[in-house]
Amino acid sequence: MSDAIAKTPEGKLSDAAIRRRMLTEFWFYFSQNKGAVVGLVVFILMVIIALTATLIAPHDPTMQYRDALLLPPVWQEGGRAEFLLGTDPVGRDMLSRLIYGSQYSLFIGIVVVSIALVGGIVIGLIAGFFGGWIDMVIMRVMDIILAFPSLLLALVLVAILGPGLTNAMIAIAIVYQPHFARLTRAAVMGEQKRDYVSAARVAGAGNLRLMFRTILPNCLAPLIVQATLSFSSAVLDAAALGFLGMGAQPPAAEWGTMLAEAREFIQRAWWVVTFPGLAILISVLAINLMGDGLRDALDPKLKRS
Amino acid sequence: MAMLNIRNLTVRFATATGSFTAVDGIDVHVDSREVLAIVGESGSGKSVSMLAVMGLLPDTATITADEMTYDGRDLLHLSGPERRKLIGREITMIFQEPIASLNPSFTVGFQIEEVLRINLGMTKAQARARALELFKAVGIPAPEEKLNAYPHQMSGGQCQRVMIAMAIASKPRLLIADEPTTALDVTIQKQILDLLMDLQEEYGMALILITHDMGVVAETADRVVVQYKGKKMEEADVLSLFEAPQHPYTRALLSALPENATGDRLPTVSDFFQSEAAR
Amino acid sequence: MFRFILSKLLYLIPTFLGITIIAFSFPRLLAGDPVLLMAGERGVTPERHAELSAQLGFDRSLPVQYLEFLGRLLHGDFGNSLVTKKPVLTEFLALFPATLELGFVAIVIATLIGVPVGVLAAIKRGSWFDQISMTSALVGFSMPIFWWGLLLIIFFSGFLGWTPVSGRISLMYYFPNVTGFMLIDSLLSGQKGAFASALSHLILPSVVLATIPLAVIARQTRSAMLEVMGEDYVRTARAKGMPQRRVIGVHALRNAMIPVITTIGLQIGVLMAGAILTETIFSWPGIGKWMIDSISRRDYPVVQSGLLLTAAMVMIVNLLVDLTYGLINPRIRNK
């Protein structure tokens, strides 16, 4: 691999070339894991579906067709071609609602991970960088948050903030944030003893620069893996909150909320229960497959075996 | 007819980036009661060939050889139970990292008694008594107490003595020692080597000593095999090797010994490559 | 070892205080006036409001209120439910065995299947068994268990009619509550069919609850085994001529179990979260359902104390896991 790398006249690799080589190497290890590639493809598909929902969805997801209540999917007797996956109890098209639901899941994942990641990194950097009593206090608070079962704490937070999608996302992000803080702190404490940090310090780099420019880029790998895991857990937990009536509120086409509305019909109409759950499972599985691949590709311990 | 006979042994490892040849057409033979040293720097495949003999290589390794026999028995195509009749009984091995080589979750007493009970069919009490004798034989201080110790409670030298005690427990005919002193303090190294040589004499075993240390070779071996990058460079009895090394690599190894240094700089083996490249 | 236990216990104190602070803050942060919540829908006069406030202690300064709160906790007073008017602790203790039974059976299922599957997958790395079991584990790990439960109900209760849909035991059986565990009590009662009924009620919820821990345990066991099997001491065991069974079952497994036991312990928190969903789906009368019902009924004393008790329980379990870790790991035990 290294033969193909462009070299600058001094024989040193240019920044762009280093980055390109890292990417090539990353992709080499990532693509070794077939599941990860499948996960990536499914995830990209999901993103495309979410982005083009308005174009590809056959119906308005909230439109109620009064003449088409609880229609089965098209291949079953009584199904109609205009409703491929059937309709729900108030006559809304399942397929369109599922398509729009992908927007919710992606949005939830992105928002939750962003809040938890940024919050966790800042808190972890501060704790790891300054140490002493600041570290003590911060880490005890993180321990306290982690002592609660995540879903229960999220539920209680939603009870305080009031039910709804925004509050559900904030609650989940708060619950996830300690994982990022712990990882960042551990990485910072490990990196801080290294020579390159001392060198930067001697060269007169300020605290902020040291934290964000020098140390942070070197502890990204575990954070990226954790972010992927949190993305999938966020989709799951948001759906669970929706299912319990504390997340996105009807008539939102959020998959968990759809399941909650469908619960009473499980004995009569399998499709209103099966499809939203399947959508959740597939998207979460795709992201977790990607996460496994990322871990293999980013974890140097596993690389050389 | 030698006791252990290996002809044209090749070991390849499958890796993520392709196949890697660790041992490339090596011949080795050992007679009973003989001390053979296999010398080479790290990565020269000297441990790998002996691990192949023991059947301890991972599944990623492919082993081929024209011949690999012990007492005329083919080691390449042994079934599991057949192999276990030899390995751990007639052929035993000790390793480079004595502390890591012992199981951290069990006492060293358990680990040696296990050999005695399972391989030699002793009862618990017999095994206990014999383990104590062996611990005394390898010079472990306060042996009764140490039987109940865990590896992390003992020093590296003591752990290596435990390993040696386990290796001689079944009175083997061949002991393979893979860099047995490399991980130890200099003062302990000598003691362990002396112990190995004494036991070799006492038990009448053959000993294969894998090392990178020419000094160790000079003190112990009858015969020497020099290995480099998976290939055999030279084979000679120890006197003629030190008197008149034939291969330039051997000469490079010997000149890298501090006591052979001339001038104010210690020569390194990489000088060998430069002289090779210059040719 | 004693110092190890002591340090773990001391470590818990600040965490526990933090948990009480969160529980204490909960009704005070709650959207809406707790006094009005307590008074119910009829509303109150300003005088009655002040009186209730004083009665609940909301009129004093926060630090004083907090100390009073701690004092009441130390006396075992966790407040009364707004709905049933019964002490929260009494309700908790009455419902807890149901959750414990469900959780216990779930963790047993997860461990008894997860550990052997993980070990086998590691030994036969790359085989069909490895690939299929690890793919299934990832599916299980990704499973929305509230949906999984519904699917199982559709299939086993609806389609096959094998299992009941909700509750802990059929209404036709009645026997005294001895241990609180339906499986044991039904056996003790000696009534014909009672045990079978309890078991058929328990099986689906426990399978649902076991799904994610099972997946996590299987994956963790596999990777721990793979790591351990590359260790020098496993090579030594082989070099000693130990049979494969013993190399794996004794030398490798014993060491691989150290991280796995930690993982199993950490699943208790996951189980409590899962119990909320599982108990809701199967109308299982346990802590999870009680909590979610109380949240939607805004029965804040129940939520407050339930939160506290649940967190304390998870914390104690984690402590026990840490201690077990010390017990099975000689490197800690013999410090």
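Residues numbered from 1 in each chain as written. Chains lettered and ligands numbered in written order. Predicted model: local features only at pLDDT ≥ 70, side-chain atom pairs only at ≥ 80, totals over all residues. Heavy atoms only, no water.

## Some words on unusual backbone geometry
(1) Moving on: In this model, Pro250(A) is joined to Pro251(A) through a cis peptide bond whose omega is 10°.
(2) Moving on: Among the structural elements, Pro251(A) can be located in the loop between α10 (220-243) and α11 (255-262).
(3) Moving on: The residue Glu179(B) is not glycine, and still its phi comes out positive at about 45°.
(4) Moving on: The topology assignment puts Glu179(B) in the loop between β8 (174-178) and α8 (186-203).
(5) Moving on: Of the residues examined, Glu179(B) reaches a relative accessible area of 6% and is grouped as buried.
(6) Moving on: Positive phi is not limited to glycine here, since Lys229(B) has a value of about 50°.
(7) Moving on: Here Lys229(B) lies in the loop between β10 (223-228) and β11 (231-237). (Helix = DSSP H or I, 4+ residues; strand = E, 2+ residues; numbered from the N terminus. Buried < 20%, exposed > 50% of the residue type's maximum accessible area, 1.4 Å probe, protein only.)

## Considerations on the interface of chain C and chain A
(1) Moving on: Between chain C and chain A, the residue contacts involve 43 residues of the former and 36 residues of the latter.
(2) Moving on: The junction of chain C with chain A conceals about 3600 Å² of combined surface from both sides, 80% of it contributed by carbon and sulfur atoms.
(3) Moving on: For the chain C face of the interface with chain A, the top three residues by lost area are Phe146(C), Trp147(C) and Leu150(C), together amounting to 17%.
(4) Moving on: With a shortest N-O distance of 3.0 Å, Asp292(A) and Arg219(C) are connected by a salt bridge.
(5) Moving on: Remark: the boundary between chain C and chain A carries 5 residue pairs in polar contact (both at pLDDT 80 or more). (Contact = heavy atoms within 4.5 Å. Buried area = accessible area lost by both parts, 1.4 Å probe. Salt bridge = Lys/Arg side-chain N within 4 Å of Asp/Glu carboxyl O. Polar contact = N/O pair within 3.5 Å; in protein donor to acceptor, adjacent residues only side chain to side chain.)

## Quick word on the sheet that holds strand β9 (residues 206-211) of chain B
Residues and elements named next belong to chain B.
(1) Moving on: Spatial strand order, β7-β8-β9-β3-β10-β11: 6 strands in an open sheet with mixed pairing. Each end of this open sheet is capped by a strand with a single partner; those strands are β7 (91-94) and β11. Adjacent strand axes in the sheet meet at a mean angle of 15° when their direction is disregarded.
(2) Moving on: For β7 and β8, the ladder comprises 4 bridges, and the chain directions are parallel. Residue pairing for β8: Ile-94 is matched across the bridge by Ala-177.
(3) Moving on: Strands in contact with helix α7 (residues 156-168) are β7 and β8; relative to β7, the strand with the most contacts, it is inclined by about 175°. (Pairing = 2+ DSSP bridges. Axes fitted to C-alpha atoms, helices over the stretch in contact; angles between N-to-C directions.)

## A short note on the packing of aromatic side chains
(1) Moving on: For the structure shown, the criterion picks out 19 aromatic pairs over all chains.
(2) Moving on: Each ring, one from Phe24(C) and one from Tyr66(C), has its centre 5.3 Å from the other, and the planes form 70°; the classification is edge-to-face. Pair noted here: Phe24(C) is in helix α1 (residues 2-29) and Tyr66(C) is in helix α4 (residues 62-74), with a separation of 42 residues, a long-range link. Here Phe24(C) matches Tyr66(C) in class, with each residue buried.
(3) Moving on: Each residue in the set Trp75(A), Trp270(A), Trp271(A) and Phe275(A) is aromatic and connected to the rest through ring pairs, giving one cluster. (Phe/Tyr/Trp six-rings, centres within 6.5 Å; stacked < 30°, edge-to-face > 60°.)

## Side note on the environment of Met197(B)
Residue and element names in this part refer to chain B.
(1) Moving on: Along the chain, Met-197 turns up in helix α8.
(2) Moving on: Met-197 sits in the buried class, given a relative accessible area of 19%.
(3) Moving on: Between the C-alpha atoms of Met-197 and Glu-219, which are 22 residues apart in sequence, the distance is 9.7 Å.
(4) Moving on: If we ignore the near neighbours within four places in the chain, the residues touching Met-197 are Val-35, Leu-207 and Thr-220.

## Points about the environment of Thr123(B)
(1) Moving on: Tracing the chain through its elements places Thr123(B) in the loop between α4 (108-120) and α5 (124-137).
(2) Moving on: Expressed as a C-alpha distance, the spacing of Thr123(B) and Glu113(B), which sit 10 residues apart in the sequence, is 9.3 Å.

## Structural notes on the pattern of salt bridges
(1) Moving on: Taken as a whole and judged by the stated rule, the model has 31 salt bridges over all chains.
(2) Moving on: Residue Asp135(A) pairs with Arg185(A) through a salt bridge whose shortest N-O separation is 2.5 Å. Of this pair, Asp135(A) sits in helix α5 (residues 132-147) while Arg185(A) is found in helix α7 (residues 165-192), placing the two residues 50 residues apart along the sequence.
(3) Moving on: With a closest N to O distance of 2.9 Å, Glu114(B) and Lys240(C) form a salt bridge.

## Focus: the pairing of β9(B)
All names here are of chain B.
(1) Moving on: Most of β9 sits out of view: 6 of its 6 residues are buried.
(2) Moving on: One ladder, built from 5 bridges, connects strand β3 (residues 35-39) with β9; its direction is parallel. Looking across to β9, one finds that Ala-37 is bridged to Leu-209.
(3) Moving on: Sheet topology places β8 next to β9; 5 bridges connect them, and they run parallel. Looking at β9, one finds that Asp-178 is bridged to Ile-210.
(4) Moving on: In terms of handedness, the path from β8 via α8 over to β9 forms a crossover that is right-handed. (Right-handed = clockwise from strand over helix to strand, strands pointing away.)

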